[in-house]
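Chain by chain, the residues:
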Amino acid sequence: LPPAVLPVDQDRLDGYRSIDRAIINNYTSAVSAAATYNYSVFRLVSTLGAQYEDVGFTRTDAFGAKLLAGTGSLAGTTARFAVSETNSDVRTLGFLGRQQVGWADKLFLTGGIRTDRNSAFGANFQRVYYPSVSLSWVVSDGGGFTRVPGVSSLRLRAASGSSGQNPGYLAAEQFYTPVAVAINGTDVPAFTVGGAGNPNLKPEKSNETEAGFDLGLFRDRLNVEYTHYNKITRDALVNVNLAPSLGTSTNRFQNLGRVKNYGDEAVLRADLLNREQLKLGLTVNGSWTHNRLVELGVDENGVPIPQFTGGFDDTQIFKAGLPLGAYY
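Residues numbered from 1 in each chain as written. Predicted model: local features only at pLDDT ≥ 70, side-chain atom pairs only at ≥ 80, totals over all residues. Heavy atoms only, no water.

Some thoughts on the sheet that holds strand β11 (residues 251–274)
Read across the open sheet, the 10 strands follow the order β1-β2-β3-β4-β5-β6-β9-β10-β11-β12; overall the sheet is antiparallel. A single partner strand is all that each edge strand has here, and the edge strands are β1 (14–39) and β12 (279–295). Here the average twist between neighbouring strands, direction ignored, is 15 degrees. (Pairing = 2+ DSSP bridges. Helix = DSSP H or I, 4+ residues; strand = E, 2+ residues; numbered from the N terminus. Axes fitted to C-alpha atoms, helices over the stretch in contact; angles between N-to-C directions.)

Re the packing of aromatic side chains
Overall, the coordinates contain 5 aromatic pairs when judged by the stated rule. Aromatic pair F308 and F318: ring centres 4.9 Å apart, planes at 15 degrees, arrangement stacked. Of this pair, F308 sits in strand β13 (residues 307–310) while F318 sits in strand β14 (residues 316–319); the two residues are 10 residues apart in sequence, bridging distant segments of the chain. Grouping residues by exposure puts F308 and F318 together as buried. (Phe/Tyr/Trp six-rings, centres within 6.5 Å; stacked < 30°, edge-to-face > 60°. Buried < 20%, exposed > 50% of the residue type's maximum accessible area, 1.4 Å probe, protein only.)

A look at the pairing of β14
Sheet topology places β13 next to β14; 4 bridges connect them, and they run antiparallel. Following the sheet pairing, Q307 is matched in β14 by K319. Taking the residues that link successive antiparallel strands as the turn, the β13-β14 hairpin has 5 residues, and the phi of G311 there is positive, at about 75 degrees. In this sheet, strand β15 (residues 326–327) lies alongside β14 in antiparallel orientation, the contact comprising 2 bridges. Each residue of the ladder has a partner; that of Q316, found in β15, is Y327. Here β14 hands over to β15 after 6 residues, with G321 in that stretch at a positive phi of 95 degrees.

Structure representation (structure tokens):
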């Protein structure tokens, strides 16, 4: 035996050890400037801003089996070694402009637009734009409002705007994955196709319109908030299965179809007891949401897509008229 080495019973080696360590780095920088103007009963607020975000992710996994008794170290394993590493880096640069106009502290109109560039966009797509507009009217502050017994405040509001979800890291890129291949009993480095890529990939974009009111009753001891919303999402990011005969990866992300979400949200707040030494309040909220896949659109050849399956063991279906990703 080598010096300073103690043999162990090979038949009693059991157990395993795995280490999965991840590091997430988020770097964000933002700058903004605002200017306020007052003209008689009008109040104007102009805002300009820029934002840069860098999200990095690194993960290293190591595994070994037949762990030496009495130790919890990965160095004590003697079989079935496996290592892997995952890295991603997604960057976003955005600019924002917003203008608010207020009249007599009763009527407020706000319009804005944001534009983003993201490192995960496809090579053929450069920039996305998200406009928005909102209107708020405090009806109970004069303006010919007829007082109703018990009603202390009333605000009507409506808004329309856009938002989006960016593709994931490498979703738009064709890339290769390194692997180890055994040739003549020896491991040699090689690679396989990791992703088919999609140069036309862009963020899915949602346009939402909502309207509602804020109502205060009995000197605002009882408050009711209600909102109805309608959201249409176009170019949804869908991971579509590819035919094995293509000789590439088994799936890739595409922008497909149109999804509709609509529903209602309500909040009720009540001050049941308001004493100097004791306060008791109650809040009740509820929401109702309906989700439907309106259409899947057409493939790259212009042929309508009737449906496709996905999810765990292909048990979810994407089909017009059904909720998105319904179990079928």
